[in-house]
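Analysis of the macromolecular model
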Amino acid sequence: MNYLIIGALFFATAVAEIVGCYLPYLVLRKGASNWLLLPAAISLMIFVWLLTLHPAASGRVYAAYGGAYVIVALMWLRFVDGIKLSTTDVLGAVITFIGMGVIIWGWKSV
């Protein structure tokens, strides 16, 4: 599996997880309709399914996935929550992206 596909898979996985957690938050904290729990459950099922598509041992997948999750969470903070990112947010995202890349790159050598 090439790096571009792996990266896209990580980011799709992160979006599915965040949506699956954000919708119950809206129900429980913001008074949104309980019907949002259905797409939340579906999103979390998609998240778990996407994790199974990665070509490496689960521990490595979860470690590398953490980098993608941080980046998507910060993009969610910016574009959904409307909060401006700080310099340290951006720096942390760059560091985690590099770490994710190092872990994925190492899959070939194991």
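Keep in mind the model is a prediction, meaning the values are calculated, not measured.

**Quick word on the packing of aromatic side chains**
Enumeration over the complete set of coordinates arrives at five aromatic pairs. Aromatic side chains Phe 47 and Tyr 65 sit 6.0 Å apart centroid to centroid with 45° between the ring planes, which places their arrangement in the tilted category. Of the two residues, Phe 47 is situated in helix H2 (residues 37-51) and Tyr 65 in helix H3 (residues 58-79); the sequence distance between them amounts to 18 residues. Tyr 65 carries the same exposure label as Phe 47, and that label is buried. Three or more aromatic residues link up through ring pairs in this structure, and these residues are Phe 10, Phe 47, Tyr 65 and Tyr 69. Positioned above the aromatic ring of Phe 79 is the side chain of Arg 78, whose terminal nitrogen or guanidinium carbon lies 6.0 Å from the ring centre.

**Digging into the environment of Thr 52**
Examined against the element boundaries, Thr 52 turns out to sit in the loop between H2 and H3. By relative accessible area, Thr 52 is classed as exposed at 54%. Note: C-alpha distance between Thr 52 and Ile 83 (31 residues apart in sequence) is 32 Å. Reaching out from Thr 52, the side chain makes a polar contact with the backbone oxygen of Trp 49 at a distance of 2.5 Å.

Analysis parameters
Residues numbered from 1 in each chain as written. Predicted model: local features only at pLDDT ≥ 70, side-chain atom pairs only at ≥ 80, totals over all residues. Heavy atoms only, no water. Phe/Tyr/Trp six-rings, centres within 6.5 Å; stacked < 30°, edge-to-face > 60°. Helix = DSSP H or I, 4+ residues; strand = E, 2+ residues; numbered from the N terminus. Buried < 20%, exposed > 50% of the residue type's maximum accessible area, 1.4 Å probe, protein only. Lys NZ or Arg CZ within 6 Å of the ring centre and 35° of its normal. Polar contact = N/O pair within 3.5 Å; in protein donor to acceptor, adjacent residues only side chain to side chain.

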